[in-house]
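Single-letter residue listing:
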Amino acid sequence: QVQLAESGGGLVQAGDSLRLSCAASGRTFSINRMGWFRQAPGKEREFVASIPWSGAYTTYGNSVKGRFTISRDTAKNTVYLQMDSLKSEDTAVYYCALRLLGSVDYDYWGQGTQVTVSS
């Protein structure tokens, strides 16, 4: 089992920055990759960013490329999402997700953290 604890959401103004954190606990020795997704009211869940636990590369959704940065700290079993130049359309609940070795999809999800960007 793995538990994910997100933090860092809040209310900011357009153009501001915010950093989300997601700490994993439990079966962390089997982490393959971690990612961030978001879901706005009335919309489908959207991929934001992901990073393999090796940190070899990062992947971003088109809507956040150049503004968001995903990183991880393996010593703390934590993944971060640095969000810069925030826009009102970034308003959503942000979810952290974790994929285990051998899995083809994300196995565990956090409870979500609200990010609200006022224009």
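Below is a summary of the structure that appears in this document. (Residues numbered from 1 in each chain as written. Predicted model: local features only at pLDDT ≥ 70, side-chain atom pairs only at ≥ 80, totals over all residues. Heavy atoms only, no water.)

1. Focus on the sheet that holds strand β3 (residues 18-26)
- Ordered in space as β1-β3-β8-β7, the four strands form an open sheet in which the pairing is antiparallel. Here the strands that pair on one side only, and so sit at the sheet edges, are β1 (2-7) and β7 (68-73). For this sheet the average axis-to-axis angle between neighbouring strands, irrespective of direction, equals 15 degrees.
- Relative to β3, β1 runs antiparallel, the two being bridged by six bridges. When the bridges of β3 are listed, Gln3 appears paired with Ser25. (Pairing = 2+ DSSP bridges. Helix = DSSP H or I, 4+ residues; strand = E, 2+ residues; numbered from the N terminus. Axes fitted to C-alpha atoms, helices over the stretch in contact; angles between N-to-C directions.)

2. Re the side chain of Asn77
- Note on placement: Asn77 falls in the loop between β7 and β8 (78-83).
- Among the residues examined, Asn77 registers a relative accessible area of 18% and is labelled buried.
- Among residues more than four places away in sequence, those in contact with Asn77 are Cys22, Ala23, Ala24, Thr28 and Trp53. (Buried < 20%, exposed > 50% of the residue type's maximum accessible area, 1.4 Å probe, protein only. Contact = heavy atoms within 4.5 Å.)

3. Details of the packing of aromatic side chains
- Per the counting criterion, the structure on display carries four aromatic pairs.
- Here the aromatic rings of Phe37 and Phe47 are separated by 5.6 Å at their centres, their planes lie at 70 degrees, and the arrangement is edge-to-face. Taken together, the positions of Phe37 in strand β4 (residues 31-39) and Phe47 in strand β5 (residues 46-52) put the pair 10 residues apart, joining distant regions of the chain.
- Exposure remark for Phe37: the relative accessible area of 11% places this residue in the buried category. (Phe/Tyr/Trp six-rings, centres within 6.5 Å; stacked < 30°, edge-to-face > 60°.)

Keep in mind that these numbers describe shape and distance, not what the molecule does.
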